[in-house]
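Coordinate inspection notes
Spelled out from the first residue to the last, the chains are:
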Amino acid sequence: MSGYVSIRNLRKSFGTFEALRGIDLDIGRGEVVCVIGPSGSGKSTLIRCINRLEPFSDESEIRVDDIPVIPGRSLAKVRAEVGMVFQAFNLFPHLTVRENVMLAPRRVRGTSRADAYRQAEMLLARVGIREQADKYPSGLSGGQQQRVAIARALAMEPQVMLFDEPTSALDPEMVGEVLDVMKDLAGTGVTMIVVTHEMGFARQVADRVIFMDSGEVIEAGPPDEIFANPKEARTQNFLKAVLHH
Amino acid sequence: MDLFQTFFNLDVLVRTFPMLIEGLWLTLQLGVSSIIAGLILGLVLCMIRLYSPAVVRVLARIYIDVFRSIPLLVLLIIVYYALPFVGIRLSPFASAMTALTLVSGAYTAEIFRAGIEAIPKGQFEASAALGLSHRQTMLDVILPQSIRMVIPPLTNNSINVVKDTALASVVAMPDLLKQATQAQALAANPSPLIGAAAIYLAFLLPAVLLVTRLERRFNRGNA
Ligand SMILES: Nc1ncnc2c1ncn2[C@@H]1O[C@H](COP(=O)(O)OP(=O)(O)OP(=O)(O)O)[C@@H](O)[C@H]1O
Ligand SMILES: [Mg+2]
């Protein structure tokens, strides 16, 4: 039985350097998975392959809702179902907050202006920034920008949300407001794959924690198990380092 | 006083003014149409140069480099005097517009490329992740941001195109310069040439000042 997101033998090289060395992973519908691991272990590369921001070779296979993640029509379908939130927000600076949220539904789904507008209002209220809808991203704090980015991704009504260290670029006092939005989201049944260094979030929200090192999945399991008694030495060392500093 | 009568002879200027205005009209037509055609050609070339298969991309690159290297006057003379040998006979206006457009398109392509490459990779990735097509990404996300950056260099290029329209006088097109030289011959007085110079300045000096202001403004915006 394969998962809602299924990854088979995922390999990815940059030149001669192997960033991912054969990853197999199944993620269930509605599951919240946190990916942890040291810098350079391949966490970003892994989730960027899921919507093919990183191309990968034919020997590897990824499917989302049984649609193969290969260039062409099926990739367009996958991208319409998979939202992504980046460390650097990547909001569109020439568009207002509301226009950022409306753009993809209007263009990709052909949603009417009125419907897209209503939906944007609803989403911006949900992430707590409806008052800022007419501002440009540069007028917002980092935490607010990241919440807009989440609303923008949600506007496509994705089945899967990918997060690549969504709070790493934020001032400490703004981390909480973004994590709160993500916690709410986790309760809505959206499948979430979250690369994070926020161990508290992983422990509290994740259904499963995946520890990666050197382009491989070293250990995976429920957060209680991984954090309380990790089996692999590399997991133990990593957790010791991040939890005691 | 004599000098004044020679170069700024009001009587001659008034008499030849209609000729100069006729020339100016043609100069502006040639300038504006070449600028617009050059913009379109440049955008197309830039897209080919950045996003097409490798072979075509190389061709676009060769085109851009060749037409930025060739002296405009040489190109114009080839278009007007050499092409008839292979049966392509263009009017002076069409020859001048062709040469100006071919060269302006090459410069414009490089300006657009710089504008697009200055956009952070994250903008392309966010667009792709949202499911926007390449075309939508360009039209809705990338180009609107590039435009701000490319306006000063594009204005600069447009100034060059208008200046270069004066070369059309060598293929007997009655543009502003040609009209001025003819008026000078008729009146046996060089004042029309000075008049033409003043008209060029009246159009181009404000444009030059505008570029300086735009550049300062955009630099401030980025800081
Ligand atoms: N575009 C690229 N070109 C070359 N090497 C790359 C590229 N992207 C990633 N790498 C390399 O691949 C490896 C995995 O990178 P990746 O960004 O996936 O790590 P990560 O686990 O996300 O690390 P971090 O916690 O620092 O974000 C690293 O060694 C990195 O240097
Ligand atoms: Mg990373």
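In this text the structure is predicted, and so the values were computed from the model without any measurement. (Residues numbered from 1 in each chain as written. Chains lettered and ligands numbered in written order. Predicted model: local features only at pLDDT ≥ 70, side-chain atom pairs only at ≥ 80, totals over all residues. Heavy atoms only, no water.)

1. Some details on the UniProt feature "transmembrane region" (unreviewed entry) in chain B
Residue and element names in this part refer to chain B.
- As recorded in UniProt, the sites labelled "transmembrane region" (unreviewed entry) are residues 24–50, 62–83 and 193–212.
- Between the end C-alpha atoms of residues 62–83 the distance is 21 Å, and the span holds 86% helix and 0% strand.
- Along residues 193–212, the helical share is 100% and the strand share 0%, with 28 Å between the first and last C-alpha atoms. (UniProt positions renumbered as here; feature names shortened; annotations may be inferred. Helix = DSSP H or I, 4+ residues; strand = E, 2+ residues; numbered from the N terminus.)

2. Remarks on the packing of aromatic side chains
Residue and element names in this part refer to chain A.
- All chains considered together, the criterion is met by four aromatic pairs over all chains.
- Between F211 and F238 the ring centres are 5.2 Å apart and the planes differ by 40°, which places this aromatic pair in the tilted class. Here the residue F211 occupies a position in strand β9 (residues 208–213), and F238 occupies one in helix α9 (residues 233–243), the gap between them amounting to 27 residues.
- Given the relative accessible area of 0%, F211 is considered buried.
- Just above the ring of F227 sits the side chain of R203; from NZ or CZ to the centre is 4.9 Å. (Phe/Tyr/Trp six-rings, centres within 6.5 Å; stacked < 30°, edge-to-face > 60°. Buried < 20%, exposed > 50% of the residue type's maximum accessible area, 1.4 Å probe, protein only. Lys NZ or Arg CZ within 6 Å of the ring centre and 35° of its normal.)

3. What to know about the packing of helix α5 (residues 92–117) of chain B against helix α7 (residues 134–164) of chain B
Residues and elements named next belong to chain B.
- Axis separation between α5 and α7 bottoms out at 8 Å; the angle between their running directions is 145°. Here α5 and α7 pass one another in a crossing that is right-handed. Touching L100, S104, Y107, T108, I111, F112, G115 and I116 of α5 are M138, I142, L143, S146, M149, V150, P153, L154, N157, V161 and D164, all from α7.
- Classifying every residue of the contact of α5 with α7 gives 13 nonpolar, five polar and one charged. (Axes fitted to C-alpha atoms, helices over the stretch in contact; angles between N-to-C directions. Left-handed = near helix turned anticlockwise from the far one by under 90°. Contact = heavy atoms within 4.5 Å. Nonpolar A, V, L, I, M, F, W, Y, C, P; charged D, E, K, R; others polar.)

4. Here we look at the sheet that holds strand β1 (residues 5–14) of chain A
Residue and element names in this part refer to chain A.
- Pairing in this open sheet of four strands is antiparallel, and the strands run β2-β1-β4-β5 from one edge to the other. A strand with exactly one partner marks an edge of an open sheet, and here the two such strands are β2 (17–27) and β5 (67–68).
- With two bridges joining them, strand β4 (residues 61–64) and β5 adopt antiparallel strand pairing. Across the sheet, residue V64 finds its bridge partner in β5, namely I67. (Pairing = 2+ DSSP bridges.)

5. Here we look at the UniProt feature "domain: ABC transmembrane type-1" (unreviewed entry) in chain B
- Under the UniProt annotation, "domain: ABC transmembrane type-1" (unreviewed entry) lies at residues 24–212 of chain B.
- Counted over residues 24–212 of chain B, helix gives 83% and strand 0%. Its end C-alpha atoms are 25 Å apart.

6. A short note on the site of ligand 1
All names here are of chain A.
- Around ligand 1 there are 13 residues in total, and S39, G40, K43, S44 and T45 lie nearest to it.
- Here an oxygen atom of ligand 1 sits 2.6 Å away from a polar atom, N or O, in the side chain of S39.
- Measuring from an oxygen atom of ligand 1, one finds a backbone N or O atom of G42 at 3.0 Å.
- Among the secondary structure elements, those contributing two or more residues to the shell around ligand 1 are β2 and α1 (43–50).
- When its residues are assigned to classes, the shell around ligand 1 shows four nonpolar, seven polar and two charged. (Near = heavy atom within 4 Å. Polar contact = N/O pair within 3.5 Å; in protein donor to acceptor, adjacent residues only side chain to side chain.)

7. Let's talk about the pattern of salt bridges
Residues and elements named next belong to chain A.
- Scanning all chains against the criterion turns up 22 salt bridges over all chains.
- With a closest N to O distance of 3.6 Å, R11 and E18 form a salt bridge.
- Residue classification places R11 among the partly exposed positions, given a relative accessible area of 31%.
- Across the pair R48 and E54 runs a salt bridge, and its minimum N-O distance is 3.0 Å.
- Judged by its relative accessible area of 14%, E54 falls in the buried class. (Salt bridge = Lys/Arg side-chain N within 4 Å of Asp/Glu carboxyl O.)

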